[in-house]
Amino acid sequence: MDLASEAHVLVVLLTCLFLMCRAQEKDYTIKEEQPENVRIGNLRKDLNLNLDPDIKLSSALQFKPVYKTGDVPLVKVEASTGEIFTTANRIDREKLCSGVFTEKRCFYEIEVAVLPDEIFRLVKIRFLIEDINDNAPLFQSTVINISIPENTAINSRYPVPSAFDPDIGINGIQHYELVKSVSEFGLDIIETPEGDKWPQLIVQQSLDRETKDTFVMKIKVEDGGSPPKSSTAILQVTVSDVNDNRPVFKDSEVEVNVPENAPMGTSVTHLHATDADLGSNAQIHFSFSNQISPATKRHFAIDSTTGLITIKQPLDREVNPVHKLIVLASDGSSTPSRATVTVNVTDINDNVPSIDTRYIMNLVNGTVLLSENAPLNTKIALITVTDRDADLNGKVTCYTDHDVPFRLKPVFNDQFLLETAAPLDYETTREYAIRIVASDSGKPPLNTSAMVLIKIKDENDNIPVFPQPEIQLSIPENNDPGTQLIKISATDADSGSNALIIYTLGPDAPDGFNIDPRSGILSVVKRLDREKQEKYSFTVIARDNGSTPLQSNVTVKLIVQDQNDNSPAFTHPEYNFYVPENLPLYGTVGLITVTDADAGDNAVVTLSIINGKDNFIIDPKTGVIKPNITFDREQQSSYTFVVKAVDAGQKQTTSYAKVTINVVDVNDNRPVFVIPSSNYSYDLVPSTTSPGSVVTRVFAIDNDTGMNAELQYSIIGGSPRGLFAIDKMTGNITLQEKIVAADQGLHRLVVKVKDLGQPESLHAIALVHLFVNDTVSNATFIQEQLRKSLETPLERNIGDNDVTPQTNGYVIVVIAIIAGTMTVILVIFVTALVRCRQTPRHKVVQKSKQSGEWVSPNQEGRQIKKKKKKKKRSPKSLLLNFVTIEEPKSDDPTHEHINGTLDLPVELEEQTMGKYNWATTPTTFKPDSPDLAKHYKSASPQPTFQIKPETPVAPKKHHVIQELPLDNTFVVGCDSLSKCSSSSSDPYSVSECSCQGGFKAPGQIHTRQVIHNFLSLTTRCSSSHLYCPSDRKM
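A few points about the overall build of the protein chain
And step 1. In terms of regular secondary structure, the protein chain is built from eight helices and 61 strands.
And step 2. When the 1034 residues of the protein chain are sorted by exposure, 46% land in the buried category.
And step 3. Sequence-distant contacts in the protein chain: of pairs separated by 6 or more residues, those separated by 24 or more amount to 72%.
And step 4. Total accessible area on the protein chain is roughly 52,000 Å²; 52% of this is exposed by carbon and sulfur atoms.

Now the structure itself:
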């Protein structure tokens, strides 16, 4: 194959791949001479044709053989299953592949189209026809004559004309033998390079013509089939006179090329032979052997005298490209010489390409009927182009000669599919005459053409068309039934019944509408209510009357216009709102919601209050209610009024609703201690009291309600080692540990009570004094200790200001260790120096408004130094003095510490310091009473308060000043975590109370102005100031 041929094949393959041709090949093997309906295979199974469920097929799967016009089908393919069977037409390999007598394989080919077009593919099926032994070998003549000279040497060989068998392979000629042989001759078989078997006669004994000149035998030929087939012929050998030299060819093998258009008489070749004999024995006669085919003998002639071979009949390369001539040269003897002449017929572009059209679609009177709705790539026919010439003379191109909506798509070599390449339209072109041209590549090129007639079948391919995609309509509500809305019309480009339009409502159309199927008049058959449905949207369908009806639709949008036929409607017939009593003036109470089912101005609603206008106002548009007053739940807990709603329609409608406003309690009242009745009161705790015993109790009340009045008690100071504990719910104070000698004396517990109000908790603080002793022998002394307790800051325990000699002792020891070698004089000096520093320190303590050295339980057994009595000063009125307790945030959130210092007026300090003579021992104590002066300092860590003079703050709204009975004293504060927006102050008075205590009803709590007869202790919280009152009897 030359370069041009290779290039052509490559172009065809690339074109096929580019067009994504879906072509396949499948080979089957079948023996010849099979009966009808022998199953060969299953094309669907063998090709693995699994249908994709996602592909929607226009028709069922179909296998359609594409036969050549006039072909007799040798196989059949079931259209639905793809099963392949033999037909009644006999498959004869020798006839199908005539002229093939070698081992070459014989094929029968058909094409099968797999339909429909969605899964189209073209399958070329090749059936390999296997040979069977259906032909017996035959000699060309029933009598074979051979002449052998009498002087032939023993073992000389003479060729015997071979037999012919159209079968191949093992079914061909396999064996020759002599039947009824004689001793003078034997038979041998020579196999040629081509596989042919030639018999040779062997001379086994000397011949004598005078004794016997003729031998008659029978030769048998047999093939290798099962069972084998055979035939015989008469072999007659004539013994001739002596001619001892055979002709000799100059060239025993000759090969020549002759063009197929060579004229008759053209010389092919000239053979030359010589003979060493003389006379008549040297005359050579040339002839063709009877082993060449009759067809070859018909095309060539040989001059028997000269040996010139000429063309007797025209050659045709396409019929037989090679001729093998066996030429014999004989001088009259019995053994001629042999020469082989091979004639190669060269190609001339003498064949016009042929076009074979095999229709995939069924023909009607030689014309293809194709629907105008046929999809793209619809397969019409398989076009096969061939050219019997060779090389470029046989390379064919195929095309259509003008622009049509069809194309030729390559599938196999020299095979094309005619398919649609563009949409078809019956209204534009009703038929096509497609001229297909096939041209070879010879010089000059030869071409041929074929016509394919296609008629386009009209289809109902035009849908009805509406002039607009959407129709807008409106109608007032409360219409009369049967009112006509509009006439709808559509057009159809088809004609006849395909253009007849019928109108129907779509499936989404609601009840109450109707359309005339012929005229298209749309009407409403019921009364519409805009409040139930304002807008309607549905489709109207226009369907033509074609065999396959086509339809289109238009959307109808109808708006129902409003009429004022609905009154305003409150969401509730009665509204209940709950507001806190501290809601500010014009704060939002709630929202009244009213709706009107109408639209536009008919739905514009105005609200007003019929009664209760003095107390409340309402926004006429939004319905927000606000108070004109401030609330006090204790004075009035609810309000009721009526709200009126009026719409803005031409004919106004009205509705009413009742509104009730409930005032909810706010945590605006602090707890008030009832027990103890005074901060000057105390209880006696005998030393023999058992742990767990209730030694006293506290009790408080709160004028709020609910959780705002739920109270909890706690000890926030004065019980350093946990000697006492309090029940947070009942207020009972119990002894936790056994009383020891160090616990003797006065104990001050700082008790806090708080409510559980949300979001802010309020609280109060009271002092509970417990005198641990067996008896109360000196009431005056205890009262003096109570006075000093009230002057002691809350963050300290009683006696925290005392300085012990032990500290100085530590200093002396440290100095003594460092000095080591100091003299006694230096020690005395240092001791004197330390004592000198001690005395000013007490003065600093007194001048810094800290309480002096009070007699209190001294758990460490330290001695109290005697102090010099100061000169008493006249007590001055303290009623106008105020002190402030500042309480910064505690570092430890688990303890409610109050940090600061207690600052008292100088007059109070001087008066306090003069109350008791520290140099004397009270004479009112019993002899067995413990020395309370030894119990100087309490071990209870207390929060630190900062008490500063401050001007009273006027009470704010919702915060009352508690007026307590004269025998009740409180220290009132707030939670360290509370945020107080105002302060309250309570007056108090001092009186002696019984040690046993008891419940005493509190006095009435009311709001009043602060008078100049109380001392106010103010506690500053983290975000505000609370005033915690404390008092003593003047």
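Structure's up, so let's keep going.
Comments concerning a nonpolar patch on the surface
And step 1. The grouping of Val-143, Val-216 and Ile-234 at the surface amounts to a nonpolar patch, some 210 Å² of accessible area in total.
And step 2. Looking at the element boundaries, Val-143 is found in strand E8 (residues 143-149).

So, the sheet that holds strand E2 (residues 39-42)
And step 1. Spatial ordering of the open sheet is given by E2-E5-E4, a layout of three strands whose pairing is antiparallel. Strand pairing shows two members of the sheet lacking a second neighbour, E2 and strand E4 (75-77), which therefore form its edges. For this sheet, the mean angle separating the axes of adjacent strands, direction not counted, is 20 degrees.
And step 2. Pairing analysis gives three bridges linking E4 to strand E5 (residues 83-86), with the strands arranged antiparallel. Its bridge partner being in E5, Lys-76 is matched across the sheet by Phe-85.

Section: the sheet that holds strand E46 (residues 624-627)
And step 1. What the three strands build is an open sheet, ordered E42-E46-E45; its pairing is antiparallel. Of all strands in the sheet, those with a lone pairing partner are strand E42 (590-591) and strand E45 (616-618), marking the two edges.
And step 2. Of the strand pairs in this sheet, E45 and E46 are connected by three bridges, and their pairing is antiparallel. The residue bridging Ile-618 from the neighbouring strand is Ile-625, located in E46.

Focus on the pattern of salt bridges
And step 1. Overall, the coordinates contain 26 salt bridges when judged by the stated rule.
And step 2. The residue Glu-111 makes a salt bridge to Arg-358 at a minimum N-O spacing of 2.3 Å. Placement of Glu-111 in strand E6 (residues 106-115) and of Arg-358 in strand E24 (residues 354-359) is noted, with a sequence separation of 247 residues between them.
And step 3. Since its relative accessible area comes to 10%, Arg-358 is described here as buried.
And step 4. Of the charged contacts, one joins Glu-177 and Lys-220 as a salt bridge, the two residues approaching to 4.0 Å between their closest N and O atoms. Of this pair, Glu-177 sits in strand E10 (residues 173-179) while Lys-220 is found in strand E13 (residues 214-223), placing the two residues 43 residues apart along the sequence.
And step 5. A relative accessible area of 31% places Glu-177 in the partly exposed class.
And step 6. Salt bridges sharing partners connect three or more residues here, namely Glu-109, Glu-111, Lys-124, Asp-356 and Arg-358.

Considerations on the confidence of the model for the protein chain
And step 1. Chain-level pLDDT for the protein chain is 76 on average; 75% of the residues reach the 70-or-more range.
And step 2. Confidence over residues 1-21 falls short of pLDDT 50; this stretch has 17 contacts with residues more than four positions distant or in other chains.
And step 3. Per-residue pLDDT stays below 50 along residues 801-811; that stretch engages in 14 contacts with residues further than four places along the chain or on separate chains.

Re the packing of aromatic side chains
And step 1. Within this structure, the stated rule accounts for 14 aromatic pairs.
And step 2. Considering the side-chain rings of Phe-570 and Tyr-575, the 6.3 Å spacing of their centres and the 75 degrees angle between planes classify their relative orientation as edge-to-face.
And step 3. Here Tyr-575 falls in the buried class, since its relative accessible area comes to 5%.
And step 4. Considering the side-chain rings of Tyr-575 and Phe-577, the 6.2 Å spacing of their centres and the 5 degrees angle between planes classify their relative orientation as stacked.
And step 5. An aromatic cluster of at least three residues, connected via ring pairs, comprises Phe-616, Phe-631, Tyr-639 and Phe-641.
And step 6. Looking at Lys-124, its charged tip hangs above the ring of Phe-412, at a distance of 4.8 Å from the centre.

Concerning the environment of His-299
And step 1. Its location among the elements puts His-299 in helix H4 (residues 294-299).
And step 2. Through-space distance from the C-alpha of His-299 to that of Asp-316 is 9.8 Å; in sequence the pair is 17 residues apart.
And step 3. The contact partners of His-299, leaving out residues within four places of it in the chain, are Thr-310, Ile-311, Lys-312, Gln-313, Pro-314, Leu-315 and His-323.
And step 4. There is a polar contact of 2.8 Å between the side chain of His-299 and the backbone oxygen of Ala-295.

With respect to unusual backbone geometry
And step 1. For the bond running from Ser-226 to Pro-227, omega is 0 degrees, close enough to zero to count as cis.
And step 2. Following Ile-675, the chain continues to Pro-676 via a peptide bond in cis, the omega torsion being 5 degrees.
And step 3. If you check the backbone angles, Asp-414 has positive phi at about 65 degrees while not being a glycine.
And step 4. Within the secondary structure, Asp-414 sits in the loop between strand E29 (406-412) and strand E30 (415-420).
And step 5. Residue classification places Asp-414 among the partly exposed residues on the basis of a relative accessible area of 22%.

Considering the pairing of strand E57 (residues 763-772)
And step 1. Most of E57 is tucked away, with ten of its ten residues classed as buried.
And step 2. Side chains His-763, Ile-765, Leu-767, His-769 and Phe-771 of E57 all project onto a buried face; the interleaved residues Ala-764, Ala-766, Val-768, Leu-770 and Val-772 project onto the opposite face, where all are buried too.
And step 3. Here strand E56 (residues 745-755) runs beside E57; their pairing, made up of ten bridges, is antiparallel. Within the sheet, the bridge partner assigned to Leu-746 lies in E57 and is Phe-771.

Remarks on the environment of Ile-355
And step 1. With respect to the element layout, Ile-355 can be found in strand E24.
And step 2. Once residues lying within four places of it in the same chain are set aside, the contact partners of Ile-355 are Ile-383, Thr-384, Val-385, Ile-436, Val-437, Ala-438, Thr-448, Ser-449 and Ala-450.

With respect to helix H5 (residues 779-791)
And step 1. Its 13 residues place the ends of H5 19 Å apart at the C-alpha level, agreeing with the 18 Å of an ideal helix rising 1.5 Å per residue.
And step 2. Counted residue by residue, H5 has eleven buried out of 13 residues, so it is predominantly covered.
And step 3. Buried residues of H5: Phe-781, Ile-782, Gln-783, Glu-784, Gln-785, Leu-786, Arg-787, Lys-788, Ser-789, Leu-790 and Glu-791, and no others.

Quick notes on the rules
- Residues numbered from 1 in each chain as written.
- Predicted model: local features only at pLDDT ≥ 70, side-chain atom pairs only at ≥ 80, totals over all residues.
- Heavy atoms only, no water.
- Helix = DSSP H or I, 4+ residues; strand = E, 2+ residues; numbered from the N terminus.
- Buried < 20%, exposed > 50% of the residue type's maximum accessible area, 1.4 Å probe, protein only.
- Contact = heavy atoms within 4.5 Å.
- Areas by Shrake-Rupley, 256 points an atom, 1.4 Å probe, with all protein chains shown as cover.
- Patch = residues over 30% accessible without salt bridge, like charges linked within 9 Å, V, L, I, M, F, W, Y side chains within 5 Å.
- Salt bridge = Lys/Arg side-chain N within 4 Å of Asp/Glu carboxyl O.
- Pairing = 2+ DSSP bridges.
- Axes fitted to C-alpha atoms, helices over the stretch in contact; angles between N-to-C directions.
- pLDDT = per-residue confidence, 0-100.
- Phe/Tyr/Trp six-rings, centres within 6.5 Å; stacked < 30°, edge-to-face > 60°.
- Lys NZ or Arg CZ within 6 Å of the ring centre and 35° of its normal.
- Polar contact = N/O pair within 3.5 Å; in protein donor to acceptor, adjacent residues only side chain to side chain.
- Expected span 1.5 Å × (residues − 1).

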